[in-house]
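Okay, here's what each chain looks like letter by letter:
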Amino acid sequence: MFIQTQDTPNPNSLKFIPGKPVLETRTMDFPTPATAFRSPLARQLFRIEGVKSVFLGPDFITVTKESEELDWNLLKPDIYATIMDFFASGLPLVTEETSSGEAGDMLVSEEDDEVVAMIKELLDTRIRPTVQEDGGDVIYKGFEDGIVQLKLQGSCTSCPSSIITLKNGIQNMLQFYIPEVEGVEQETWPYGERLSRRERVCGS
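Overview of the structure. Because the structure is predicted, anything quoted here is derived from the model rather than measured. (Residues numbered from 1 in each chain as written. Predicted model: local features only at pLDDT ≥ 70, side-chain atom pairs only at ≥ 80, totals over all residues. Heavy atoms only, no water.)

**As for the environment of Glu68**
Reasoning step 1: Checked against the element boundaries, Glu68 lands in the loop between strand E5 (61-65) and helix H2 (72-89).
Reasoning step 2: On the basis of relative accessible area, Glu68 is assigned to the exposed category, the value being 59%.
Reasoning step 3: C-alpha of Glu68 to C-alpha of Pro11: the two residues are 57 residues apart in sequence and 7.4 Å apart in space. (Helix = DSSP H or I, 4+ residues; strand = E, 2+ residues; numbered from the N terminus. Buried < 20%, exposed > 50% of the residue type's maximum accessible area, 1.4 Å probe, protein only.)

What follows is the structure, given as structure tokens:
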């Protein structure tokens with residue numbers, strides 16, 4: 001088994017690509033060891049000293065380290081070994097009772113109005129693939145009073161500069177295609193939950 005690595009916009013996050021499907025069509029986020037009970041692989045990775053969070057994508061695993069001071073060259077061998085041992089074990093990546101994942105919120109349902117359906121479709125086809133390329137994901141959580149509520153996962157959650165860039169990119173694309181969208185918000189963005197109308201107009 002040959003595992004490749006790929007940098008992400010977040011220097012503390014690294015994509016590990018095992019060359020075989022991980023979750024295939026969905027993603028799962030494990031921001032803390034306490035959440036890893038759902039995944040034997042995530043539990044094993046959290047046992048490595050210095051691992052802060054784990055994110056499973058369709059064909060990759062994003063590992064985020066606790067600080068910039070930690071050297072990836074010291075962490076990589078343990079992460080490689082853990083991933084190889086896990087795939088050799090034949091254990092399931094996630095337990096059956098959590099197989100649907102949060103990405104189920106992204107599916108268009110009959111209850112969705114036209115604007116919500118358009119938001120979900122745009123997120124799923126244009127935005128999520130780009131975010132997953134960078135080792136993360138974005139999950140639709142709601143639309144109210146012109147504001148799209150999103151949840152960022154994986155490498156997107158702990159790098160302030162990339163979060164701001166990502167937020168502006170998502171907001172600009174949604175506003176371009178869907179006039180009803182006034183802004184986006186997400187609880188973990190560090191510089192205020194939503195851009196002011198002036199910032200949106202100025203594009204700053």
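**Regarding the packing of aromatic side chains**
Remark: the centre distance and the inter-plane angle together describe each pair of aromatic rings, the angle taken between the planes.
Reasoning step 1: Tallied over the entire structure, the rule returns five aromatic pairs.
Reasoning step 2: Taken together, Phe16, Trp72 and Tyr80 form an aromatic cluster joined through their ring pairs.
Reasoning step 3: Lys15 extends its terminal NZ or CZ atom over the ring of Phe60, reaching a point 4.5 Å from the ring centre. (Phe/Tyr/Trp six-rings, centres within 6.5 Å; stacked < 30°, edge-to-face > 60°. Lys NZ or Arg CZ within 6 Å of the ring centre and 35° of its normal.)

**Regarding the sheet that holds strand E8 (residues 183-185)**
Reasoning step 1: Judged by pairing direction, the sheet is mixed, and its three strands sit side by side in the order E6-E7-E8 without closing on themselves. Two strands close off the open sheet at either side, each with one partner strand: strand E6 (136-144) and E8. Between one strand and the next, the sheet's axes are offset by a mean angle of 35 degrees, whatever the strand orientation.
Reasoning step 2: As paired strands, strand E7 (residues 147-154) and E8 are joined by three bridges and run parallel to one another. Counted as the bridge partner of Val148 is Val184 from E8. (Pairing = 2+ DSSP bridges. Axes fitted to C-alpha atoms, helices over the stretch in contact; angles between N-to-C directions.)

**Topic: the nonpolar core**
Reasoning step 1: Within the largest apolar cluster, 26 residues are counted, with the highest numbers of intra-cluster contacts made by Leu45, Val54, Leu56, Ile61 and Ile79.
Reasoning step 2: Those elements that place two or more of their residues in this core are strand E2 (13-17), strand E3 (28-30), helix H1 (40-46), strand E4 (51-56), E5 and H2.
Reasoning step 3: Looking at which element gives the most residues to this core, the answer is H2, with six residues.
Reasoning step 4: Sequence-distant contacts of Ile61, that is, excluding residues within four places in its chain, are made with Leu14, Lys15, Phe16, Val22, Leu41, Leu45, Val54, Phe55, Leu56, Ile83 and Phe87.
Reasoning step 5: Core analysis: the next-biggest nonpolar cluster, separate from the first, contains 19 residues, Val116, Val131, Ile178 and Val181 among them. (Core = buried A, V, L, I, M, F, W, Y, C linked by side-chain atoms within 4.5 Å. Contact = heavy atoms within 4.5 Å.)

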